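Next come the chains, spelled out residue by residue.
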Amino acid sequence: MLKRVPQALCCLLAVAVGLTAEPVQAKSFFTSRRTFGVLFLGGSAFTAKKAVDFRRDANRTYDDYKLARTSEEAERLFDRTSDYDTKSKMSVGLSIVLLASGLRLILSSGVDDNPVKIRPKRKLNVDLTSDVNKRMVKVAVKRQF
């Protein structure tokens, strides 16, 4: 009998807590803002990695440019170095934009709980009349307020 007393007390406590607790509504952790925020942060990391790779390739190509033997080879290597530098700068810029957007979406993710209600659109009536003899077309736009 003494073995069942703790079990009975646990059951009684569980029933008491169950009756007094309010039901909890399940909410998804992955809201649209958080999902896109994480995707943007991942894209930012990817483009930052690509920027580092382009910069490394530009430095290697520039070293080859300094060792070029002909003017044609030097011009080709210089153009390639310039392309890598441009790609590196563009990747850095895109990475910063994606980072800022991702952080903004993640930090404002609690806003999804109260979605904005869309007001119904007001209708526009378009009247189109034409007169072949006078060679004219009339267009009238009417809007109700």
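Residues numbered from 1 in each chain as written. Predicted model: local features only at pLDDT ≥ 70, side-chain atom pairs only at ≥ 80, totals over all residues. Heavy atoms only, no water.

Points about the pattern of salt bridges
Scanning the model with the defined rule gives five salt bridges in all. The partner of Lys66 in a salt bridge is Asp63, and the shortest N-O contact between them spans 4.0 Å. With Lys66 and Asp63 both in helix α2 (residues 32-66) and three residues apart, the pair spans about one turn of that helix. A relative accessible area of 39% means that Asp63 is categorised as partly exposed. (Salt bridge = Lys/Arg side-chain N within 4 Å of Asp/Glu carboxyl O. Helix = DSSP H or I, 4+ residues; strand = E, 2+ residues; numbered from the N terminus. Buried < 20%, exposed > 50% of the residue type's maximum accessible area, 1.4 Å probe, protein only.)

Some words on unusual backbone geometry
Phi at Arg135 takes a positive value of approximately 55 degrees, unusual for a residue other than glycine. Locating Arg135 in the fold gives a position in the loop between β1 (124-131) and β2 (136-143). Judged by its relative accessible area of 78%, Arg135 falls in the exposed class.

Section: the environment of Phe46
In this structure, Phe46 sits in helix α2. Note: C-alpha distance between Phe46 and Ser95 (49 residues apart in sequence) is 7.9 Å.

Focus on the pairing of β1
Taken across its eight residues, β1 has zero buried, putting it largely on the surface. Where β1 meets β2, eight bridges bridge the pair, whose relative direction is antiparallel. For Asp127, the partnering residue across the bridge sits in β2 and is Ala140. Hairpin remark: β1 followed by β2, antiparallel, with four residues in the connecting loop; positive phi at Arg135, about 55 degrees. (Pairing = 2+ DSSP bridges.)

Overview of the packing of aromatic side chains
Following the criterion strictly, the structure yields four aromatic pairs and no others. Taking 6.4 Å as the distance between ring centres and 55 degrees as the angle between the ring planes, the aromatic pair formed by Phe36 and Phe40 counts as tilted. In this pair, Phe36 and Phe40 both sit in helix α2, four residues apart, roughly one turn of the helix. What makes Phe36 partly exposed here is its relative accessible area of 46%. Assessed through its relative accessible area of 29%, Phe40 is described here as partly exposed. Ring geometry for Tyr65 against Phe78: centres 5.5 Å apart, planes inclined by 50 degrees, an arrangement best described as tilted. (Phe/Tyr/Trp six-rings, centres within 6.5 Å; stacked < 30°, edge-to-face > 60°.)

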